[in-house]
Amino acid sequence: MTTDVEPASIPVSAPAAPPRRRIFSGIQPSGIVHLGNDLGAIRNYVALQAEFEAIYCIVDYHALTSLHDADVLRRGTREMAASLQQPDDLNHGLLTYPVLQAADIVIYKATTVPVGKDQAAHLELTREIVRAFNNRYGETFPEQQAVFTETPTVLGTDGVRKMSKSLGNTIEILAEPEVIRKQVMSMVTDTQRILRTDPGRPEVCNVCQLHRWFGPDWEEIQDGERTARTGCVDTKKLLAERITRHYAPARERYLELMANPAEIDGILEAGADRLRPKAEATMAEVRERMGLR
Ligand code: AMP
Ligand code: TRP
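My aim in this report is to walk through the structure given alongside it, one point at a time. Not measured: the values here are computed from a predicted model.

Of the regular secondary structure elements, the protein chain holds 10 helices and four strands. Along the protein chain, helices (α) and strands (β) appear in the sequence β-α-β-α-α-α-β-α-β-α-α-α-α-α when read from the amino end. Burial analysis of the protein chain (293 residues in total) assigns 34% to the buried set. The long-range fraction of contacts in the protein chain, counting pairs at least 24 apart against all pairs at least 6 apart in sequence, stands at 72%.

Given below as structure tokens:
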């Protein structure tokens, strides 16, 4: 449609853009990054950083609950930094104890926290702490919301429990292709599909579900399983290939960074330097409100 109405005149001084809201999330330096981390959280780290000011932390203090070897912790932190490859958005975290996760979030006054479903209860606790603080000392912290991806809980290769390093049911997305292949080939599919000729149930098959995120033809793949046109082995082989291909550029960057630990340390330090003033400003405000200065 065309129109001969004059376009609105441009205001002389455009109103200042409102400050971008802040998101925060943390990930433990466990040494590996698995498909649950990516589909459950990391994809949202990436998607949300255009809309929000983003702060992502490798939470080394959190790892102290299960990891007591300084060199292993240092290595795990570097590995996670290289895995995430978001050089501007990493830091060691300036943390306090004992309610570490809440402290991580509120110290940067984050409003939005991209995490997997397993963190929902932690976020609820964070909100309770925030409410208690705000009630006693006045509005200081925003109440934060968890945001989930379309796959808030990714099941492990056992097809039953959530994918988790401690359960040994992961698909390690930056591992060598052979490791990814073995992990995918070990996946439990529809346990009721016993014979190759039995029809499958893609809605309960973890392999079929994961195909959704690795190609536009996932419905066709699911249909192949439903009608027994294809077998589980072929569907798994295809998934392993696609996962390997999807993460190949990330793996290349990961290996490049891992060959240069000084570069990773520099990235982490720069992130910490960038965030320190924000954390210090919050702590100054908190002490003031509490009468500690
Ligand atoms: P972690 O490796 O435990 O520090 O987890 C890092 C992020 O990945 C957190 O936001 C978790 O909620 C998320 N995550 C871990 N495992 C899964 C999973 N199996 N499904 C969905 N999200 C997950
Ligand atoms: N507890 C989270 C996990 O195990 C990691 C984490 C620590 C975190 N601090 C955070 C996540 C702050 C979100 C916000 O996965």
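Here we come to the site of ligand 1. Every one of the 16 residues lining ligand 1 counts as a neighbour, but Gly36, Gly40, Ala41, Val115 and Gly116 are closest to it. Top contributing element to the shell around ligand 1 by residue count: helix H1 (residues 35-48), with four residues. Considering only residue class, the shell around ligand 1 consists of five nonpolar, nine polar and two charged.

What follows is about helix H3 (residues 70-84). The first and last C-alpha atoms of H3 sit 21 Å apart over 15 residues, in line with the 21 Å expected at 1.5 Å per residue. Looking at the buried positions of H3, the neighbouring elements they touch are strand S1 (22-27), strand S2 (53-58), helix H2 (60-63), helix H9 (232-258) and helix H10 (261-290).

Next up on the list: the nonpolar core. Ile55 and Ile243 are the most contacted members of the largest nonpolar core, which has 55 residues in total. Residues within four places of isoleucine 243 in sequence aside, it is in contact with Ile171, Ile173, Ile180, Val184 and Phe214.

Our focus in this paragraph is the environment of glycine 215. With respect to the element layout, glycine 215 can be found in the loop between helix H7 (206-211) and helix H8 (218-226). The class of glycine 215 is partly exposed, set by 14 C-beta atoms lying within 10 Å. A sequence separation of 28 residues divides glycine 215 from isoleucine 243, and the C-alpha atoms of the two residues are 9.8 Å apart.

The local shell around ligand 2 holds 13 residues, among which Ser25, Gly26, Val59, Gln101 and Asp104 are the closest. Counted by class, the shell around ligand 2 contains five nonpolar, seven polar and one charged residues.

At a minimum axis separation of 8 Å, H3 and H9 run at an interaxial angle of 140°. Classified by the angle their axes make, H3 and H9 are oblique. Regarding H3 and H9, the two cross each other, and that crossing is right-handed. Packed against H3, whose contacting residues are Glu79, Ala82 and Ser83, the element H9 presents Tyr254, Leu257 and Met258 at the interface. Residues that form the contact of H3 with H9 fall into these classes: four nonpolar, one polar and one charged.

Basis of the calculations
- Here the residue numbering is sequential within each chain, running from 1 through the sequence in written order.
- Here every chain gets a letter starting at A, and every ligand a number starting at 1, in the order they are written.
- Per-residue local features are limited, in this predicted model, to residues with pLDDT of at least 70; the limit for side-chain atom pairs, both in listing and counting, is 80 or more; totals at the level of whole chains, interfaces and linings are taken over all residues.
- Elements are defined by DSSP. Helices are runs of H or I of four residues or more, strands are runs of E of two residues or more, and each kind is numbered from the N terminus.
- Here a residue counts as buried when 20 or more other C-beta atoms sit within 10 Å of its C-beta, as exposed when there are 12 or fewer, and as partly exposed otherwise, the C-beta atoms being derived from the backbone.
- Once C-beta atoms have been placed from the backbone, residue pairs whose C-beta atoms lie within 7 Å are recorded as contacts.
- Throughout this description, a residue near a molecule or strand is one whose C-beta atom, derived from the backbone, lies within 6 Å of it.
- Nonpolar residues are Ala, Val, Leu, Ile, Met, Phe, Trp, Tyr, Cys and Pro. Charged residues are Asp, Glu, Lys and Arg, and all others, Gly as well, are polar.
- Take the number of residues in a helix, subtract one, and multiply by 1.5 Å to get its expected span.
- Defined on buried residues, the nonpolar core groups Ala, Val, Leu, Ile, Met, Phe, Trp, Tyr and Cys residues joined through C-beta atoms within 7 Å.
- Every angle, taken between N-to-C directions, lies between 0 and 180 degrees, and every axis is a line fitted to C-alpha atoms, over only the stretch in contact when it is a helix.
- Every angle not falling under 35 degrees, over 145, or within 65 to 115 is termed oblique; those three ranges are roughly parallel, roughly antiparallel and roughly perpendicular.
- Working rule for handedness: look at the near helix, and if it is turned counterclockwise from the far one by less than a right angle, call the crossing left-handed; if clockwise, right-handed.

Purely spatial values, then, with no claim about function.
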